[in-house]
Amino acid sequence: MDLGGLDKSRLPRHVAVIMDGNGRWARLRGKGRTEGHRRGTASVRAVVEMSRKLDIPYLSLYAFSTENWFRPKDEVHALMGMLEHYLTVEQPKMMRHGIRLLAIGDKDRLPRRVLSTLKHAERATRNNQGMTVLLALSYSGRSDIVGMVQRIARKVKEGKCGVQDINEEMVRAHVATSAIPDPDLLIRTSGEMRISNFFLWQIAYTELYITPTLWPDFREAEYLQALIEFQRRRRRFGRTDEQIAQPLPSLAVARELEDHS
Ligand code: IPE
Ligand code: IPE
Ligand code: MG
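Remember, predicted model here, so these are calculated numbers, not experimental data.

Rules behind the numbers
- Residues numbered from 1 in each chain as written.
- Chains lettered and ligands numbered in written order.
- Predicted model: local features only at pLDDT ≥ 70, side-chain atom pairs only at ≥ 80, totals over all residues.
- Heavy atoms only, no water.
- Axes fitted to C-alpha atoms, helices over the stretch in contact; angles between N-to-C directions.
- Helix = DSSP H or I, 4+ residues; strand = E, 2+ residues; numbered from the N terminus.
- Parallel < 35°, antiparallel > 145°, perpendicular 65-115°, else oblique.
- Left-handed = near helix turned anticlockwise from the far one by under 90°.
- Contact = heavy atoms within 4.5 Å.
- Nonpolar A, V, L, I, M, F, W, Y, C, P; charged D, E, K, R; others polar.
- Buried < 20%, exposed > 50% of the residue type's maximum accessible area, 1.4 Å probe, protein only.
- Pairing = 2+ DSSP bridges.
- Phe/Tyr/Trp six-rings, centres within 6.5 Å; stacked < 30°, edge-to-face > 60°.
- Near = heavy atom within 4 Å.
- Polar contact = N/O pair within 3.5 Å; in protein donor to acceptor, adjacent residues only side chain to side chain.
- Areas by Shrake-Rupley, 256 points an atom, 1.4 Å probe, with all protein chains shown as cover.

Student: Describe the packing of helix H2 (residues 33-54) against helix H7 (residues 220-232), and please don't skip the residues or the numbers.
Tutor: For the pair H2 and H7, the least separation of the axes is 9 Å and the interaxial angle reads 50°. Between H2 and H7, the crossing angle belongs to the class labelled oblique. Seen along the crossing, H2 lies across H7 with a hand that is right-handed. The residues of H7 that touch H2, namely those facing Ala46, Val47, Met50, Ser51 and Leu54, are Glu220, Tyr223, Leu224 and Leu227. Class assignment for the residues of the contact of H2 with H7 results in seven nonpolar, one polar and one charged.

Student: Talk me through the pairing of strand S6 (residues 207-210); I want residue IDs and the actual numbers.
Tutor: Taking every second residue as pointing to the same face, the buried face of S6 carries Glu207 and Tyr209, while none of Leu208 and Ile210 on the other face is buried. Looking at chain direction, strand S5 (residues 185-188) and S6 are connected through four bridges and run parallel. Bridge pairing in S6 links Leu185 to Glu207.

Student: For unusual backbone geometry, give the residues involved together with the corresponding values.
Tutor: Even without glycine at this site, Ser196 takes up a positive phi of about 50°. Topologically, Ser196 is positioned in the loop between S5 and S6. Phi at Asn197 takes a positive value of approximately 65°, unusual for a residue other than glycine. Positionally, Asn197 belongs in the loop between S5 and S6.

Student: So what about the packing of aromatic side chains? Which residues, and what values?
Tutor: What describes a pair of aromatic rings is the distance from one ring centre to the other and the angle between the planes of the rings. Applying the stated criterion to the full structure yields nine aromatic pairs. Centre to centre, the rings of Tyr62 and Tyr139 are 6.2 Å apart; their planes meet at 85°, and the pair counts as edge-to-face. With Tyr62 in strand S2 (residues 58-65) and Tyr139 in strand S4 (residues 131-139), this pair connects stretches of sequence that are 77 residues apart. Taking the centre distance of 4.1 Å and the plane angle of 15° together, the rings of Phe198 and Phe199 count as stacked. The pair formed by Phe198 and Phe199 is uniform in burial state, with each residue classed as buried. One aromatic cluster is present, formed by Tyr62, Tyr139, Phe198 and Phe199 through successive ring pairs.

Student: Can you break down the site of ligand 2 residue by residue, with the values?
Tutor: Inspection of the region around ligand 2 gives Ile18, Met19, Asp20, Tyr62, Ala63, Phe64, Ser65, Asn68, Arg71, Arg188, Arg194 and Ser196 as its neighbouring residues. Side-chain polar atom of Arg194 to an oxygen atom of ligand 2: 2.8 Å apart, as the coordinates give it. Note that an oxygen atom of ligand 2 is positioned 2.6 Å from one of the side-chain N or O atoms of Ser196. Relative to its free-state accessible area of 390 Å², ligand 2 is covered by the protein chains to the extent of 78%. Here the shell around ligand 2 gets four residues from one element, more than from any other, and that element is S2. Grouping the constituent residues of the shell around ligand 2 by class yields five nonpolar, three polar and four charged.

Honestly, that's just the spatial picture; any functional story needs more than this.
What follows is the structure in structure tokens.
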């Protein structure tokens, strides 16, 4: 594959994607929304495969928000069916390519069959070391924060820690993404300039990339564009240009700079 000048030594460690625009893609073609979602799963495959090839260790996909439960029953049903199908047919490929699947969100709201397929996929792939794909399902950034507050409050109440012990590290350890680093790059397709209740705490210093391309049209070439644009950004983490000699790959590096200054 021609990487068009992409520097493989400065790739994001964690890419997060708000996969939006399936409905509009379908409407433009006079098709039903379900057809848009179906074509969208091909984009999921393309982005997962390319991330794996490039050795990007973490990919988060916003597949279904808490608010998406308010959509027409038929559409929710079709989406759940596709999710179940995707998890089933992709599992051998995940095993072959060393992909670990994790899901976050209010999973108990998922239909029983989807939940059991999901649990099965998580269990089967849990020791895979190549890459982690994090699916946000029935996810809400605000609920994630509420859950974190509840878990910490419980610890304080049980006397496991004091109020003065609550710090950023503790919060980080109690959100749904505690096991993985914050995203370096957040991609949103279909041009909407909003976060739609996806990661809130996690994107404090994430680079945002919003493209008008609709999700079913977002394939390898578009992804490559996003990664190249990411490498053009100067991540300052609040510092001045002079302090940042060269673009930084992650906040961890910024922390190191801080420690040594
Ligand atoms: C994204 O596409 C898929 C989900 C939110 C599940 P949409 O279905 O939101 O497509 P648009 O935004 O209506 O075009
Ligand atoms: C965001 O898309 C949620 C997902 C991509 C899963 P929406 O289509 O639900 O977002 P809004 O309603 O345009 O903000
Ligand atoms: Mg949408």
